[in-house]
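Single-letter residue listing:
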Amino acid sequence: MSHRIVIVGAGFAGLSAALELPDSCDVTVISDRPWCEFLPNIHEILSSQKRPEDLRIDASARVEEAGHRFVQDEVVEIDRGRRVVRGLSSGTHAYDGLIVAVGGVNATHGVSGADRWAMPFKSVADCEQIGTRLRALHRRSPRARVTVVGGGLEGVEALGEILRAFPRFRIRVVEAGSRLLSAGPASLDRTVRKECAAFDVGFEMESRVDEVGRERVTLSSGVAVDSEVTIWTGGPTGAPLLNSAGLAPRAGAWAPVAATLESSDAEGVFLAGDAAALGEPIAKQAYHAMDMGVCAARNAMRRLDGRVLERFVPAEKPMLVSLGHLGCFLVQGRWALFGPGISMAKEAVFQLVTAQLAPPSGVDSTVAAWRRLSGAFPEPGWPSVPAVWNALRGALDVRVLAPEEGACTSSPNAP
């Protein structure tokens, strides 16, 4: 009999795990959505640089092309005793090996009104709604007030796209820490502030949000900020399924795993992507999630075959953070580069990873790949000589930021 392996989730980690497993296995992938979303670039939806369909990979088709079964459903229970997964509408799915790659959910930290009035920044659909709201707001008033809660990677990338499309908006960024992009060197904070100096952007640092209202954000200091749109980039928290399945110690926590990505509490259950909490924390980045998916798939097979498990060794890659049309950061430890030219590197990562996960194999996928590639260029058809010259000049417009203490440790949305 072939091994029965169930994968919960079809994001970067879940899809990578499915594509790693041979078709000789009986593999079932269960996800509440039929696609894998390219989360590192969702900020570009705010300015219409990317369309929602550009950032959605047809996971169901890719899983079936690999010889596996895809079930679109919400997993509501993992019964480790009976070794079954129960879907809301699809019933139970028995497994010999289980890979859980459910990612995270939006964390509002119990802030009053945040769930009702703040707009989350965690998915393609979230950013599509934000973009629609911003465009409607702009039609009413080019000087509208917008608040971005969170000055980390997501918050800065959201800020950049708002400035690209709506440069006259009055924007306030609220950050609990003492500087922006605190996971990197301090030069990142100074550079963001310098690049934003020509716009109406204010930074409320070392400030926490006490309450979010329909058109106002109240800070812990008592300061009230007028806000017609409030964007919440406060980071993710563990999915409820992790705790209900006994894989995480409490609600909102990530699931502890060994270096092999096997659950600390459940033999034969492997976790990959954001859901997994290694003893030595790593950044919640897409490339880690993909590598973890591959490792989890291999170890699920090794566990079922009675072989020694592999250790997951995180790759060291630079962090890319976009600031819209103003430029892009490339951060490696204490070192950082900034400039418009680095935006081309971020776009190249998007194109390469998308092609890796969804290589063109038919008319529909080839057309989708061409649409994504052509969308990377600002002008349709063959670019003019001035456009080529400007692109080359922009590629050379890169400056080195002084190396400082403060190595990058976390970036939940970077490729």
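Quick note: structure is the one above.
None of the values given here were measured: they were computed from a predicted structure.

## Observations concerning unusual backbone geometry
Point 1. With a phi close to 60°, R83 is a non-glycine residue in the positive phi region.
Point 2. Its location among the elements puts R83 in the loop between β6 (75-79) and β7 (84-87).
Point 3. Non-glycine residue L181 carries a positive phi angle of around 45°.
Point 4. Relative to the helices and strands, L181 is located in the loop between β13 (170-175) and α6 (186-195).
Point 5. Residue class for L181 comes out buried when judged on its relative accessible area of 4%.

## A look at the sheet that holds strand β16 (residues 216-219)
Point 1. Strand order in the open sheet formed by 3 strands is β15-β16-β17, with antiparallel pairing between adjacent strands. Bordering the open sheet on either side are β15 (209-212) and β17 (224-226), each of which pairs with just one other strand. Taken over all neighbouring pairs, the strand axes of this sheet differ in orientation by 20° on average, direction set aside.
Point 2. In terms of strand pairing, β16 meets β17 through 3 bridges, oriented antiparallel. Following the sheet pairing, R216 is matched in β17 by D226.

## A few points about the side chain of K284
Point 1. With respect to the helices and strands, K284 occurs in the loop between β22 (276-277) and α8 (286-305).
Point 2. Buried and unpaired, K284 has D274 as its nearest opposite-charge partner, separated by 4.9 Å.
Point 3. Within the local environment of K284, its side chain forms a polar contact with the backbone oxygen of D274, the two atoms lying 2.9 Å apart.

## A word on the pairing of β13
Point 1. In terms of strand pairing, strand β12 (residues 145-149) meets β13 through 5 bridges, oriented parallel. Bridged to V149 within β13 is V174.
Point 2. The β-α-β motif built from β12, the intervening helix α5 (residues 153-165) and the parallel element β13 has right-handed crossover chirality.
Point 3. As paired strands, β13 and strand β14 (residues 201-205) are joined by 5 bridges and run parallel to one another. If you follow V173 over to β14, its bridge partner there is F203.
Point 4. Crossover handedness for the path β13 to α6 to β14: right-handed.

What counts and what doesn't
Residues numbered from 1 in each chain as written. Predicted model: local features only at pLDDT ≥ 70, side-chain atom pairs only at ≥ 80, totals over all residues. Heavy atoms only, no water. Helix = DSSP H or I, 4+ residues; strand = E, 2+ residues; numbered from the N terminus. Buried < 20%, exposed > 50% of the residue type's maximum accessible area, 1.4 Å probe, protein only. Pairing = 2+ DSSP bridges. Axes fitted to C-alpha atoms, helices over the stretch in contact; angles between N-to-C directions. Lys, Arg positive; Asp, Glu negative; His and termini not counted. Salt bridge = Lys/Arg side-chain N within 4 Å of Asp/Glu carboxyl O. Polar contact = N/O pair within 3.5 Å; in protein donor to acceptor, adjacent residues only side chain to side chain. Right-handed = clockwise from strand over helix to strand, strands pointing away.

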